[in-house]
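# Structural features, examined
Listed below are the residues making up each chain.
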Amino acid sequence: MMVIPPPNVTGSLHLGHALTNAVEDCIARWHRMKGKTVLWNPGCDHAGIATQVVVEKKLKREMGKSRHDLGREAFVEHVWKWKNEKGDRIYHQLKKLGGSYDWDRACFTMEPKLYRAVTEAFIRLHDEGLIYRSVRLVNWSCALNSAISDIEVDKKELTGRTMLAVPGYKEKVEFGVLVSFAYPVEGSDEKIIVATTRIETMLGDTAVAVHPDDDRYKHLHGKSVRHPLVDRVIPIVTDDFVDMSFGTGAVKITPAHDANDYEVGVRHGLPFITIMDDNGNITNNCGEFSGMKRFHARKAVLEALKKKNLYIETKENPMVVPTCSRSKDIIEPMLKPQWYVKMEKMSQDAVKVVREEELKIIPEMHKKTWYNWLENNRDWCISRQLWWGHRIPAYFVKVDDEHVPPGLDVDDKYWVSGRSEEEAKDRAAARFNVSTDKISLIQDEDVLDTWFSSGIFPFSIFGWPDQTPDLEVFYPGTLLETGHDILFFWVARMVMMGQQLMGKLPFKEVYLHAMVRDAHGRKMSKSLGNVIDPLDVIYGITLEDLHQRLNDGNLDEKEIEKAKAGQKADYPQGIPECGTDALRFALVAYTSQGRDINLDVLRVQGYRFFCNKLWNATKFSLTALGQDFKPDPSFQFSGKEKEMDYWILSRLSVAVELTNTGFETYDFQCATTACYNFWLYELCDWYLEYMKPVIYGSDEEAKTVTRNILYTCLDGGLRLLHPFMPFITEELYQRLPRRTENCPPSLCVTSYPEVKQFSFRNTKVEGEVEFLQSIIKSLRSTRSDYLLTGKDKAEVFIKCTDEQTADIVRPHETLIQASTSSSAVHVLTNQEPPEGCAIQSVSINCQTYLMLKGLIDFEKERVKLDSKKEKLVSQMTKLKEAAAVPGYEEKVPEKVRIQNMEKMNEINIEMEKITDALATISKLQ
């Protein structure tokens, strides 16, 4: 049992989602073919912040209105309309990707069944004291007008002065500097110098702190300074948190806008003065700066300090700037009343199950980050100041006219939760010992963090809190597969919520796949234009249509132009049609534990060619089998098999073992490589070539043996490959004759090849055939070096060091001849080949030769090779000259530079080959 990591209902999926779908579908199909009952539950997440941002941009663009212009109810209606229009696109994409979900069970996190479960979860945790309300500093996004959690904050590291773009500002804003200014000490001419990276926050200063042991300031203990820009006298306090060696050893304290200052403010009972509203504008208690945007106030405050001769200096300062991962806004620490989940006990339990191996995390390298995060976990802020989402089922209580608390008091005494307003009113009446008619309620305006509802997804989809049959059968689940980037957003929260509310882990194993990046290693980003819709890889798309997708999105004009340039550089001819199977196979084949995937979409086309190879190989094989072929009901050796027959079945056994092991250990690279090698390099390149003389020959008994071997390979090979490439394998499998009449009707419910069923391993035969292959490869390489075509029939001489080696080679003279387009094959034992032969390479116990004398005109060949070399030298010179032009690095796109370097390497290799060939020609002449 697996649940999908529910994708955000924000339009369409990208290649990262395609990887998730491909890996999970492979796992689901493999287990299903193993005979297990498999439930893979689909669903979609309402994605509170992301969806609200998308719809707000759409409203602004199409109607010129904000959500506040519409009002909450009308805005939510617009979101539902948008969801109903766009939401099905995600399911359409998942179906086109071949996802074998149980579609009848598809869930949306805002549908009534799941809404009820979310409400129940909040109430139970609130009743247990695990959810509480408190006024604390939160990560506030002015662009979103909402708090966000710690793990939704990106930390941008700056080495010094940097100008950054901030939403809502035309000009870039300066960061990475430390501004020093002076506070005048009350009752004296003395000044105390402090420094800050956020000069505008000095409007909210309520103290200056010094270390109690700092001799420089002991005479100022107990004194005050006058705030130069607002009418306020603030104390000088002593606190051990001050670093005497940093700066002047004096620190400004802004308790309402800094996490460290908040703790100082609590310890010393300082006033908490909020100087910004929810939009990031300066509040009315800040004199001449009131109403200014926060970063405009930054400049204005600096100028005001200069006018009063209190400005000291500005210098570069390495720093970390917190930014909102959703809006890219600069985060402001703000005091807000919010709902929190107590994390200490739940985090400890989540750490314990991994340490004691009740829960397995794969790859294990992620355990360290699991421990680090959970062992230092702060309480989880679950309030979001949004309109789209699960509205918090908590109500502020007013008790008749005689007992009306001021404002929305944060004291839990005045807050009750309830499954309905009636239930909440009954609870409030019981708490205050009055009748319900004396109670009036105000429901909290906020909604819950999206990850709260996602955290209970593994059991809410089965009808919890009701004890349904599905819940009994399918909870706990088996596996959770997802990207490592949401290990804490989602995985940890599912573990904690499952243990707390269900008393059981939601799954036994967590497999974390790598992130998909573009061919240059860059993160997928809409603004870069490198986010690709998987359907565009499946069906292909022109460059013009890729550009049009950007115009239809929510990007700003500047971002659109930047993205178009990126698309043009990466896909000058658009994206070729690759098909679903090729895309799935490419994504899974790239997946190796612990490493990100730099996916060049154009390389997926290589797997499209592999699909063509499968098709043509099976088509040829069906012709070779014949219309009347009936496979043996159970394959057994007849004793009439040849060495190559034993070899191909041995290689099939290896592929079966490696593929099953790959699935068992989540080593998908191992599994896909085994399937690919068997089909391409072993069945197609070798066995099909070997069997052609047999099939076209007159020995009927040999034909029967070969056909049964071939059928076994096709049947086993298609079953092996099916979890990765479901469409082409199903199509080809339906064309094969069946071993028995009661075979399953579809490949997806046919048994997966097991090692015990394919116990054909024969290492002795494999060694001998590998030796023959090395001979054939060396001869093919020689033909390639001398540009021989299929019409150029050269004689082959194989010089063996002993009779035993010769005995291995002689039975395969026909195979060697056919595989190397040769006129004849001569096996020699301790004899020299005739003059005029070109030596290619030394294999184990033998050397291979091609007779070139009489086949090619050496002088003509020399001229041809000299001419080719001259052209290569000219190409190389041009590439080197281009790379030497000043500004090459800045002017030429990285992809083009890489292509040029690869071309230079190819030219070098080709020139080495020509040089070697010319040397051999001289020797032969």
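As the structure is a prediction and not an experimental result, all values here were calculated from the model. (Residues numbered from 1 in each chain as written. Predicted model: local features only at pLDDT ≥ 70, side-chain atom pairs only at ≥ 80, totals over all residues. Heavy atoms only, no water.)

### A closer look at the overall build of the protein
Of regular secondary structure, the protein possesses 29 helices and 33 strands. Over its C-alpha atoms, taken along the principal directions, the protein stretches across nearly 110 × 70 × 55 Å. Relative to its full complement of 925 residues, the protein shows a buried share of 52%. Taken as two groups, the 119 positive and 134 negative side-chain charges of the protein have centres that lie 3 Å from each other. (Helix = DSSP H or I, 4+ residues; strand = E, 2+ residues; numbered from the N terminus. Buried < 20%, exposed > 50% of the residue type's maximum accessible area, 1.4 Å probe, protein only. Lys, Arg positive; Asp, Glu negative; His and termini not counted. Charge placed at Lys NZ, Arg CZ, Asp CG, Glu CD.)

### Structural notes on unusual backbone geometry
The omega angle of the peptide bond from W464 to P465 is 15°, so this bond is cis rather than trans. The omega torsion of the bond from Y475 to P476 falls at 0°, within 30 degrees of zero and hence cis. For P476, the position within the fold is in the loop between α13 (469-474) and β26 (479-483). Here the phi dihedral of N830 falls at roughly 55°; this positive angle occurs in a residue that is not glycine. You can see N830 is positioned in the loop between β31 (822-829) and β32 (837-843).

### Focus on the sheet that holds β26
Pairing is parallel in the open sheet, where 3 strands are placed in the order β19-β27-β26. Looking at which strands have only one partner, the edges of the open sheet turn out to be β19 (360-362) and β26. Within this sheet the neighbouring strands show an average axis-to-axis angle of 15°, counted without direction. In the sheet, β26 pairs with strand β27 (residues 509-513) via 5 bridges, with the strands oriented parallel. Across the sheet, the residue bridging to E481 is Y511, located in β27. (Pairing = 2+ DSSP bridges. Axes fitted to C-alpha atoms, helices over the stretch in contact; angles between N-to-C directions.)

### Comments concerning helix α16 (residues 543-551)
Buried within α16 we find L543, L546, H547 and L550. The buried residues of α16 occupy an angular sector of 100° when the element is viewed end-on, so they sit on one face. Against the buried residues of α16 lie α15 (534-539) and α17 (557-570). (Arc of directions from axis to C-beta. Contact = heavy atoms within 4.5 Å.)

### Side note on the pairing of strand β12 (residues 207-210)
Here β12 shows a buried face lined by A207 and A209 and a second buried face lined by V208 and V210. Summarising the sheet, β12 and strand β15 (residues 250-253) pair through 4 bridges and their orientation is antiparallel. Across the sheet, residue V208 finds its bridge partner in β15, namely K252.

### Looking at the pairing of strand β11 (residues 191-196)
The two faces of β11 differ: I192, V194 and T196 on one face are buried, but K191, I193 and A195 on the other face are not. In terms of strand pairing, strand β10 (residues 177-184) meets β11 through 6 bridges, oriented antiparallel. Residue pairing for β11: F181 is matched across the bridge by V194. The hairpin formed by β10 and β11 contains 6 residues between the paired strands, and G187 there has a positive phi angle of roughly 75°.

### Points about the nonpolar core
Counting residues in each nonpolar core, the largest one holds 146 residues, and the members touching the most others are L15, L683 and F724. It is helix α21 (residues 668-695) that contributes the most residues to this core, 15 residues altogether. For L683, the residues in contact, after removing those within four places along its chain, are I648, F678, L688, L710, C713 and L714. One finds F122, I131, W451 and L505 within the second-largest nonpolar core, a separate group that totals 73 residues. (Core = buried A, V, L, I, M, F, W, Y, C linked by side-chain atoms within 4.5 Å.)

### What about the packing of aromatic side chains?
This structure, assessed with the given rule, holds 42 aromatic pairs. Judged by centre distance (5.9 Å) and plane angle (80°), the ring pair of Y676 and Y681 falls under edge-to-face. Connected via pairs of aromatic rings, a cluster forms that spans W30, Y511, F585, Y607, F610, F663, Y666, F668, Y676, Y681, F724 and Y752. Against the face of Y371 rests R355, its NZ or CZ located 3.8 Å from the ring centre. (Phe/Tyr/Trp six-rings, centres within 6.5 Å; stacked < 30°, edge-to-face > 60°. Lys NZ or Arg CZ within 6 Å of the ring centre and 35° of its normal.)

### Some words on a negative patch on the surface
Where like charges cluster on the molecular surface, the negative patch consists of D857, E859, D866 and E870. Among the structural elements, D866 can be located in helix α27 (residues 858-883). Here D866 falls in the partly exposed class, since its relative accessible area comes to 36%. (Patch = residues over 30% accessible without salt bridge, like charges linked within 9 Å, V, L, I, M, F, W, Y side chains within 5 Å. Areas by Shrake-Rupley, 256 points an atom, 1.4 Å probe, with all protein chains shown as cover. Salt bridge = Lys/Arg side-chain N within 4 Å of Asp/Glu carboxyl O.)

### Some points on the side chain of R198
By secondary structure assignment, the location of R198 is in the loop between β11 and β12. Looking at R198, the relative accessible area reads 18%, which means it is buried. Side-chain polar atoms of R198 contact the backbone oxygen of H257, separated by 3.0 Å. If near-sequence neighbours (up to four positions away) are discounted, R198 is found in contact with H257, D258, R298, E332 and P333. (Polar contact = N/O pair within 3.5 Å; in protein donor to acceptor, adjacent residues only side chain to side chain.)

### Brief notes about helix α1 (residues 15-33)
What sets the pattern is the α-helix's 3.6 residues per turn: residues three or four places apart point alike. The terminal C-alpha atoms of α1, which comprises 19 residues, lie 26 Å apart, in line with the 27 Å expected from a rise of 1.5 Å per residue. Taking burial as the measure, the 19 residues of α1 include 16 buried ones, the bulk of the element. Just downstream of α1, G35 is the residue with a positive phi angle, here 95°. (Expected span 1.5 Å × (residues − 1).)

### Some details on the side chain of H390
Mapped onto the elements of the fold, H390 is located in the loop between β21 (383-384) and β22 (394-399). On the basis of relative accessible area, H390 is assigned to the buried category, the value being 2%. Excluding its chain neighbours within four sequence positions, the residues that come into contact with H390 are H46, T109, M110, Y115, V118, V447, L448 and S453.

### Brief notes about the pattern of salt bridges
Under the counting rule described, the total for this entry stands at 52 salt bridges. In this structure, R67 engages E56 in a salt bridge whose closest nitrogen and oxygen atoms are separated by 3.1 Å. Of the two residues, R67 is situated in helix α3 (residues 67-70) and E56 in helix α2 (residues 48-63); the sequence distance between them amounts to 11 residues. Owing to a relative accessible area of 5%, R67 belongs among the buried residues under this scheme. R651 is the salt-bridge partner of E766, the closest N and O atoms lying 2.7 Å from each other. Of the two residues, E766 is situated in helix α24 (residues 763-785) and R651 in helix α20 (residues 643-664); the sequence distance between them amounts to 115 residues. The class of E766 is buried, set by a relative accessible area of 9%. Residues joined by salt bridges that share partners form a network here, namely E120, R124, D127, R419, E423 and R427.

### Focus: the environment of L855
Mapped onto the fold, L855 is located in the loop between β33 (846-851) and α27. Each C-alpha atom of the pair L855 and P753 lies 49 Å from the other, and the pair is 102 residues apart in sequence. Residues in contact with L855, not counting those within four places in the same chain, are L788, D792, K793 and A794.

### With respect to the packing of α1 against α20
Between α1 and α20, the shortest axis-to-axis distance is 11 Å and the interhelical angle comes to 115°. Crossing handedness for the pair α1 and α20: left-handed. Between α1 and α20, the residues in contact are C26, I27 and W30 and N660, F663 and E664, respectively. Its residues assigned to classes, the contact of α1 with α20 shows 4 nonpolar, 1 polar and 1 charged. (Left-handed = near helix turned anticlockwise from the far one by under 90°. Nonpolar A, V, L, I, M, F, W, Y, C, P; charged D, E, K, R; others polar.)

### Quick look at the environment of R517
Among the secondary structure elements, R517 is positioned in strand β28 (residues 516-518). Given the relative accessible area of 25%, R517 is considered partly exposed. For the pair formed by R517 and E332, sequence separation is 185 residues and the distance between their alpha carbons is 30 Å. Dropping the residues within four chain positions of it, R517 is found in contact with R522, K523, M524, D596, I597, N598 and L599.

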